[in-house]
Amino acid sequence: MTGQPGVTHMTVLALFHRSLAATLLAGALAFVLPAQAALEIDISGGTESGVPIAVVPFEQPGAVDDLARIIGDDLARSGLFAPIARDAMPGRPASPDQLRIDDWRAGKARYLVMGQVESDGDKLRTRFYLIDVSSGERLAGSQITAAASADRSVAHRISDIVYEELTGERGAFSTRLAYVTERGTPKDRTYTLQIADSDGANPRTVLESPYPVMSPSWSPDGGQLAYVSFEGNRSAIWVQDLSTGERYQLTDYSGINGAPAWSPRGDKIAVTLSKGGNPDIYVIDLDTRRTTQWTRSGAIETEPTWYPDNRTLAFTSDRFGQPQVFRKAGPDDRARRLTFDAPYAAGPRVSPDGERLALVVRDDRGFFVAEQSLDDGERTLLSRGGGEERPSYAPNGAMVVYAAQSGSGSVLKISPAIGGEPQTLSYDRGKVRDPVWGPFND
């Protein structure tokens, strides 16, 4: 469980007590499924150390979003590409017949993306081309027809195609984020659970409430979210359908009901419960609703995360005094410690390939998001600010989103998993926290 950005991950009981006190706020619970949330995203950062690529401004109607800008921001966010500035481009071709390849060979770009957008009533037809500058070969290109309102989705789709063609790995720019916002005064506070595009655009409110909301978790098909809500003056885990807004209460035990984590196959949810008097990890079978206790150490054990095998969990425990990360391959398996050389390690998230671990570590400067190899334990920092928490991998494992303090508020940051400068998603009305990256949109 996490609370405000910068709050330590293992102050679980204190966090729940503080959040529970906040539930004394009066007001009605509201569901706002189709509405546009008041979220303004400011994207900055990126990297200049990747492969130089030119994303030429598309030839397009003025009412359409700047597709080239969106594509360039997507590719930069991965850390693998460095889009060149528009004023450094030797031309503005929109199709191969307009391309003077010799002019481009004299510049920095190794690859070039260009395209055209035509409006046809309520439809857009977008043609794009990916060119290898050195050979002049067309590596990819196609026509995408979509609703006029889906112009940003078209841009993300092109980014995915370019990314996969040049890296051999699937792009994750057409995916979504879920996160929690918090605004208002302590006596009049509003919490919202929102989803948005992978770059923070097109936010949509799933739940709005005067009660604290936290720890969203995506179902593997992207159709549902599990989360913790403190409505009714107590914590409970809810599961909500994103297409209909219908929801049901998964747990309502006395004490802590927190940190839901959906299994990769979608058949189980791991949670933290204190119904036995101590915060422990439990796994709930969603077909039978049978609840199985996985940990019994007498310590605080929380923040479960699944390995891709659907049967192994990593989690945070203070069984040796300070928070560290452990793994168990079943309720009867012995817990094995994964982190050793940090005085504090918490908030684990296993990468989609099962080979790495994103987590929060602490040193004298504060809390940082790091990545650790599950093979040799080697660890590298992904963040630099000192007040970060709640990492979550993109479904291709190439990027990590996390919350970070920013003045009196907070922001979301997206860092390349290979390291490099993050891009920042800013919320100007309060705090934004608990980000979690959604699955591929299959």
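Everything numeric here is computed off the predicted structure, so don't read it as measured data.

Visitor: Mind laying out the pattern of salt bridges, listing which residues take part and the relevant values?
Guide: For the structure shown, the criterion picks out 23 salt bridges. Residue Arg125 pairs with Glu118 through a salt bridge whose shortest N-O separation is 3.3 Å. Looking at Arg125, the relative accessible area reads 24%, which means it is partly exposed. Under the relative-accessibility criterion, Glu118 is labelled partly exposed at 32%. Here Arg336 and Asp333 are joined by a salt bridge, their closest N and O atoms 2.9 Å apart. A single network of salt bridges, built from pairs that share partners, joins Glu118, Asp120, Arg125 and Arg127.

Visitor: Tell me about the side chain of Lys328, and please be specific about residues and values.
Guide: Relative to the assigned elements, Lys328 resides in strand β20 (residues 324-328). Within the local environment of Lys328, its side chain forms a polar contact with the backbone oxygen of Pro331, the two atoms lying 3.1 Å apart. In this structure the side chain of Lys328 is engaged in a polar contact, spanning 3.2 Å, whose partner is the backbone oxygen of Asp333. Other than its neighbours up to four places away in sequence, Lys328 contacts Trp294, Thr295, Arg311, Thr312, Leu313, Phe315, Asp333, Arg334 and Ala335.

Visitor: I'd like to hear about the pairing of strand β14 (residues 257-262), residue by residue, with values.
Guide: Counted residue by residue, β14 has six buried out of six residues, so it is predominantly covered. For β14 and strand β15 (residues 268-273), the ladder comprises four bridges, and the chain directions are antiparallel. Its bridge partner being in β15, Ala261 is matched across the sheet by Ala270.

Reading the values: rules and limits
- Residues numbered from 1 in each chain as written.
- Predicted model: local features only at pLDDT ≥ 70, side-chain atom pairs only at ≥ 80, totals over all residues.
- Heavy atoms only, no water.
- Salt bridge = Lys/Arg side-chain N within 4 Å of Asp/Glu carboxyl O.
- Buried < 20%, exposed > 50% of the residue type's maximum accessible area, 1.4 Å probe, protein only.
- Helix = DSSP H or I, 4+ residues; strand = E, 2+ residues; numbered from the N terminus.
- Polar contact = N/O pair within 3.5 Å; in protein donor to acceptor, adjacent residues only side chain to side chain.
- Contact = heavy atoms within 4.5 Å.
- Pairing = 2+ DSSP bridges.

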